[in-house]
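What the coordinates show
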Amino acid sequence: MLSRRDLFVSAVCVAAFRNETLDIVAKLVSKAERNPELAAQDEDFWAQIQQAFDLDRNVANFNNGGCSPAPRIVEEALKRQIDYANKAPSYYMWQQLEPEVENVRRRLAATFGCDSEEIALTRNASESLEICLLGFDLKPGDEVLTTTLDYPRMITTIQQRERRDGIKLVQVKPPHVPKVPKDLYDAFEAGLTDKTKLILVSQVSFMNGQIFPVKMVCELGRKHGIPVIVDGAHAFAQFPFTHKDLQCDYYGTSLHKWIMAPMGTGMLHVNKAKIGGLWPMMAAGPTQTNDIRKFEEIGTHPAANHNAIAEAITFHEMIGVERKAARFRYLRKRWTDRLIGLPKVHFHTNLAPEHSCAITTVEIEGIKTGDLGSWLLTKHGIYVTGINNEAFSGIRVTPNVYSTVTEVDRFAAAMEHAARFGIA
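The following refers to the structure shown. (Residues numbered from 1 in each chain as written. Predicted model: local features only at pLDDT ≥ 70, side-chain atom pairs only at ≥ 80, totals over all residues. Heavy atoms only, no water.)

1. What to know about the side chain of Glu416
Within the secondary structure layout, Glu416 lies in helix α16 (residues 405-421). In this structure the side chain of Glu416 is engaged in a polar contact, spanning 2.6 Å, whose partner is the side chain of Arg338. Contact partners of Glu416, with chain neighbours within four places excluded, come to Arg338, Leu339 and Leu342. (Helix = DSSP H or I, 4+ residues; strand = E, 2+ residues; numbered from the N terminus. Polar contact = N/O pair within 3.5 Å; in protein donor to acceptor, adjacent residues only side chain to side chain. Contact = heavy atoms within 4.5 Å.)

2. Brief notes about the nonpolar core
Grouped together as the largest cluster of nonpolar side chains are 71 residues, with contacts concentrated most on Leu108, Phe112, Phe236 and Tyr251. Element by element, the count of residues in this core is highest for helix α13 (residues 309-319), at six residues. Apart from residues no more than four positions distant in its own chain, Phe236 is found in contact with Leu108, Thr111, Phe112, Phe241, Tyr251, Thr253, Leu255, Trp258, Ile259 and Met267. (Core = buried A, V, L, I, M, F, W, Y, C linked by side-chain atoms within 4.5 Å. Buried < 20%, exposed > 50% of the residue type's maximum accessible area, 1.4 Å probe, protein only.)

3. Description of the packing of aromatic side chains
Evaluation of the coordinates by the stated rule reveals 15 aromatic pairs. Look at Tyr91 and Tyr92: their rings are 5.4 Å apart centre to centre, the planes differ by 45°, and that puts the pair in the tilted class. Assessed through its relative accessible area of 45%, Tyr91 is described here as partly exposed. Classification of Tyr92 as partly exposed rests on a relative accessible area of 23%. Considering the side-chain rings of Phe239 and Phe241, the 5.4 Å spacing of their centres and the 50° angle between planes classify their relative orientation as tilted. Residue classification places Phe239 among the buried positions, given a relative accessible area of 9%. Connected via pairs of aromatic rings, a cluster forms that spans Phe62, Trp335, Phe347 and Phe411. (Phe/Tyr/Trp six-rings, centres within 6.5 Å; stacked < 30°, edge-to-face > 60°.)

4. Remarks on the pairing of strand β10 (residues 360-364)
For β10, the buried fraction is high: four of the five residues fall into the buried class. Here strand β9 (residues 345-347) pairs with β10 via three bridges, running antiparallel. Counted as the bridge partner of Phe347 is Val362 from β10. (Pairing = 2+ DSSP bridges.)

By themselves, these are just geometric observations and shouldn't be taken as functional.
Printed below as a string of structure tokens:
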């Protein structure tokens, strides 16, 4: 039997735990209501976000532009539904779990700011964009206009149509560090011909995080009667915007980057009036001609992957996209300020907020990109990815909401050393 003292101590401990929990919740709520720029610097707030992930802190992952780990609540939802479906897949998965995709569709539509009947769930941005690039009827000689800053897989897709259908790929060369957004628009306008039948534009270039003036390019296409496909793989949920800010008819993105959904999840937006004119990549019946779900006809697939997207959206909403963007720019400034002005350091990203957010590409003159990346990983436990282009090369640096200032400072110190003394 517990003594009176034991009971008292136990009661105090329970009360303390309860009050501590309430304090944490209250702190998160109050911080969430703050000015984003102030919240971006509040390490108590971000410490709570960091604890939402199961990570290997021996390696600082600064390649979230490739893919991001999902928070624990997303992992748990994914595992729970996989286990449940496996008990009787043809019943539990198809009859009970698969219908939940409609709720995910509605929530993604609300996040993007469009009609839910304009959202298809895919496996990644590549699938979403290939549906569009392969889904238009094009004739020999027709031109598809894009840039030298676009994603290689999309270029490969167009090149296959060149070989198969006799169309022509046209790549303009906009400045990768433009002075003003119109510099990018001007490149598209200069590349138009009377044979241009399709335009592909990256909302954010995977090479250096450059934000493109998508709305201007969509207006250019509309003016000339040319469909514009927007590659949003590196943009969606990284900084604030909705569909009305883009005014696009076709938009594809991955959800395992900035919204931190399970690996292998993506989204396709097609304007409702345009669905009927776009062929699906996998066959669908004529009754689905005007149904956005025709783009989801991929055969048997796990329901858990797309259902767990809902938890990722909840986590994203809890943080707030304005605070995410402010945090990204704060972390970026923390390390770029230490490198700006150092000899041999060259930034291949315009650091102004209207031009970029979380993604930054930097080069140290005289050190090969691959060598620098390997040195950072083996000597400092920092993982980045290399970018090599005919116009520039460097390492692409992309922290995320779970990244700590200690990791960012470690990276900055390593880069300072490399710039001053080399990596030999």
